[in-house]
Amino acid sequence: MARETAPSESVDDVDAVTQAVLTASRLLVAVSARSLAHVEDRVTLPQFRMLVVLSTRGTTKLVTLAELLHVAPSTAMRMLDRLITAGLADRKTNPDNRRETLLRLTDEGHRTVENVTARRREEITAIVQRLAPHQRTALINALTDFNKAGGEPPAPLDESTGLHPLGWGDSTTKS
């Protein structure tokens, strides 16, 4: 049975923090699933993660993509094959090394990432608006520290909106 955390308990209680993060992750998974609902006939959550990595990194080698997704290259290739069939990604031979395959999103792949991310942003915005300003500030600080502790780099800034899109992947380097 889940343990409710009393407000008076110490925030250093690892079990209480873990429980709160697990609950929040359940909420975020639900938001993610709902944001993918309109494309679920074409894209699974792991495939969407691949699309987001390709979106943030640009043209990428298969081996690099597999490393970023923490999957075997053969698994990444199977996922990619499905995305190519759906018209969301394509591949080409690296002109600098004919043994390498370069992967990228199609225009439809970019639109898919943008649409799903916009749906996710809208739902998360609605949730965040229910928080008081001081709670929002505390959440920003806590999540920033949590992401650093977990090794997740900050999401890239969307130049058109000044906002950070939701998604996975390291956008700081290009392959």
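Just above sits the structure.
So, here's what we can say about the structure. Owing to the predicted nature of the structure, the values given are computational and were not obtained by experimental measurement.

## Comments concerning the packing of helix H2 (residues 45-57) against helix H3 (residues 62-69)
Part 1: Contact geometry for H2 and H3: axes closest at 11 Å, N-to-C directions at 120°. By the criterion of interaxial angle, the relationship of H2 to H3 is oblique. Considering how the two elements wind past one another, H2 and H3 form a crossing that is right-handed. The residues of H3 that touch H2, namely those facing Arg49, Met50, Val53, Leu54 and Arg57, are Thr64, Leu65, Leu68 and Leu69.

## A few points about the pattern of salt bridges
Part 1: Enumeration according to the criterion identifies six salt bridges in this entry.
Part 2: Between Glu100 and Lys61 there is a salt bridge; the shortest N-O distance is 3.7 Å. Of this pair, Glu100 sits in strand S3 (residues 97-105) while Lys61 sits in strand S1 (residues 60-61); the two residues are 39 residues apart in sequence, bridging distant segments of the chain.
Part 3: Here Glu100 falls in the partly exposed class, since its relative accessible area comes to 22%.
Part 4: Here Glu108 makes a salt bridge to Arg111, at a shortest N to O gap of 2.9 Å. Taken together, the residues Glu108 and Arg111, both in helix H5 (residues 107-128) and three residues apart, mark about one turn of the helix.
Part 5: Residue Glu108 is classed as partly exposed on the basis of its relative accessible area of 27%.
Part 6: Within this structure, Arg42, Glu108 and Arg111 form a network of salt bridges that share partners.

Thresholds, definitions, all that
Residues numbered from 1 in each chain as written. Predicted model: local features only at pLDDT ≥ 70, side-chain atom pairs only at ≥ 80, totals over all residues. Heavy atoms only, no water. Axes fitted to C-alpha atoms, helices over the stretch in contact; angles between N-to-C directions. Helix = DSSP H or I, 4+ residues; strand = E, 2+ residues; numbered from the N terminus. Parallel < 35°, antiparallel > 145°, perpendicular 65-115°, else oblique. Left-handed = near helix turned anticlockwise from the far one by under 90°. Contact = heavy atoms within 4.5 Å. Salt bridge = Lys/Arg side-chain N within 4 Å of Asp/Glu carboxyl O. Buried < 20%, exposed > 50% of the residue type's maximum accessible area, 1.4 Å probe, protein only.

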